[in-house]
Amino acid sequence: MMLAACAVSIPAEAGNYRNVFVEMGYQPAEVDAKVQEVFNDVFRGPNKVYFEVGDTLGYVSDVKNHDARTEGMSYGMMIAVQFGEKDIFDRLWRWSKKYMQHQEGPREGYFAWSCKTDGTRNAEGAASDGELYYITALLFASNRWGDLTGINYKAEAQHILNSIQPRDFKDARPPRQFPGMPPSSGKIFLIDPETRLITFTPDGFGQRFTDPSYHIPAFYEVWAKYADDGRANYWLDCAAKSRAFLHKATDEKTGLNPDMCNYDGTLLQGWGGRRNGGSNFRYDSWRVPMNITLDYEWSGADADWQRQYGEKIQNFFYGQGVDTFVDQYRVDGSLPADDEILQAGGFRKLRHSIGLVSTVAAASILCQHAKKKEFVDALWKARHEPFEDGYFDAYYDGLLRLFAFMHLSGKYRLIEK
């Protein structure tokens, strides 16, 4: 039986995570079995995206693009530590360190964001969300398993934390003249020193703006509490700045956010702006409802706004049809023009994607309105299978689906010492 509304009016405290599926009438054993099934789909099933190499290595692949990305590798580590899958975690970390992490040079400590599945790098530069997840997952591993089982997880996290601080970067790209964007500083950093907001990419180009889906304030609080890197107050300030940014980056009426934007939340002009759809709500943007939900669950520091946000964005998608909303919009809620639609897997098409179904359902944790049950039920019954035209995304859709099931079953938690 569904619990009364008053039972969801305050954020969960650590160790008291709500099982929303059970609240909605599903049986606990049924929920546990479903979560394990979704985990197996990603890591062990016929459409898995996790692959082992020899006795010690493993990688997560965006199979439709034939590569391994820091996004998926670090997501895999976060999922593995949450499920207590130490062998998977260690394999992913060893592969990341061997093939992706720069061990010297101007990018030392950062990770090449994309590699072929044999470890050959497709690019040298980093995508900032990878570092964000690597650090947090390593700290959780340190808390869960200690640092004396073959990998010193905390030391590895501290090395990345030290590496992402501003330093001279000789390979920085020359400035590009975009209105409202700061000139290149000739330094590399993950967190913009002036705004204390995460960069789109830590280089002379991507440091000019940010990606709302990279903003996970609760991760900074984990760093403040467990990294022991002497920067606790700095990370707490980054968390506060990130929460304030999310207020600006989400549309007041729809709750939608752009894929990329300026540090003040305004839409980009020129490259990344309206002309190529970068100011629209699309693939990266899907993660924001789930990220805000995570911050609500782990910290509750912005709970009042987050509850309002959750109902606002669910109201928007409810108006589009719980079973029919598409996966890309302009932030005002209108549909993008054909040339603004971001292609995936060789297809340029709007879809009712299970990845977005998942993250909007996860936001039910924030909501008190009755509509939330329809979103939770829609996720539960959604089948992760190819579309009629053959398009199938085992990787991104699959990972977001698993994260949503973790959230809604109470299995995505702060891992304390």
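So, how was this worked out
Residues numbered from 1 in each chain as written. Predicted model: local features only at pLDDT ≥ 70, side-chain atom pairs only at ≥ 80, totals over all residues. Heavy atoms only, no water. pLDDT = per-residue confidence, 0-100. Contact = heavy atoms within 4.5 Å. Buried < 20%, exposed > 50% of the residue type's maximum accessible area, 1.4 Å probe, protein only. Helix = DSSP H or I, 4+ residues; strand = E, 2+ residues; numbered from the N terminus. Pairing = 2+ DSSP bridges. Axes fitted to C-alpha atoms, helices over the stretch in contact; angles between N-to-C directions. Parallel < 35°, antiparallel > 145°, perpendicular 65-115°, else oblique. Left-handed = near helix turned anticlockwise from the far one by under 90°. Nonpolar A, V, L, I, M, F, W, Y, C, P; charged D, E, K, R; others polar.

Novice: Please give an account of the confidence of the model for the protein chain that cites residues and values.
Specialist: As a general rule, the predicted coordinates of low-pLDDT regions are not to be interpreted in detail. Mean pLDDT for the protein chain: 92, with 91% of residues reaching 70 or above. Every residue in residues 172–184 is under pLDDT 50, and counting partners more than four places away or in other chains gives 23 contacts.

Novice: Got a sec to walk through the pairing of strand 2 (residues 57–62)? Specific residues and values, please.
Specialist: Among the six residues of strand 2, six are classified as buried, and the element is accordingly described as predominantly covered. Side chains Leu57, Tyr59 and Ser61 of strand 2 all project onto a buried face; the interleaved residues Gly58, Val60 and Asp62 project onto the opposite face, where all are buried too. Taken together, the four bridges between strand 1 (residues 50–53) and strand 2 define a ladder with antiparallel strand orientation. Bridge pairing links Val53 to Leu57 in strand 2. Looking at chain direction, strand 2 and strand 3 (residues 67–69) are connected through two bridges and run antiparallel. If you follow Ser61 over to strand 3, its bridge partner there is Ala68. In sequence, strand 2 turns back onto strand 3 through a hairpin of four residues, with His66 there showing a positive phi of about 60°.

Novice: Describe helix 6 (residues 153–163), with residues and values.
Specialist: Burial in helix 6 covers these residues: Tyr153, Lys154, Glu156, Ala157, Ile160, Leu161 and Ser163. Residues of helix 6 that are buried sit in contact with helix 4 (86–100), helix 5 (128–145), strand 5 (167–168), helix 7 (217–226) and helix 8 (232–249).

Novice: Now, about the packing of helix 2 (residues 28–43) against helix 3 (residues 70–83): what can you tell me, with residues and values included?
Specialist: Interhelical geometry of helix 2 versus helix 3 gives an angle of 140° and a closest axis separation of 12 Å. Accordingly, the angle class assigned to the pair helix 2 and helix 3 is oblique. Considering only the axes of helix 2 and helix 3, their crossing is left-handed. For the pair helix 2 and helix 3, contact is made by Val35, Phe39 and Phe43 and by Gly76, Ile79 and Phe83, respectively. Across the contact of helix 2 with helix 3, the residue classes break down as five nonpolar, one polar and no charged.

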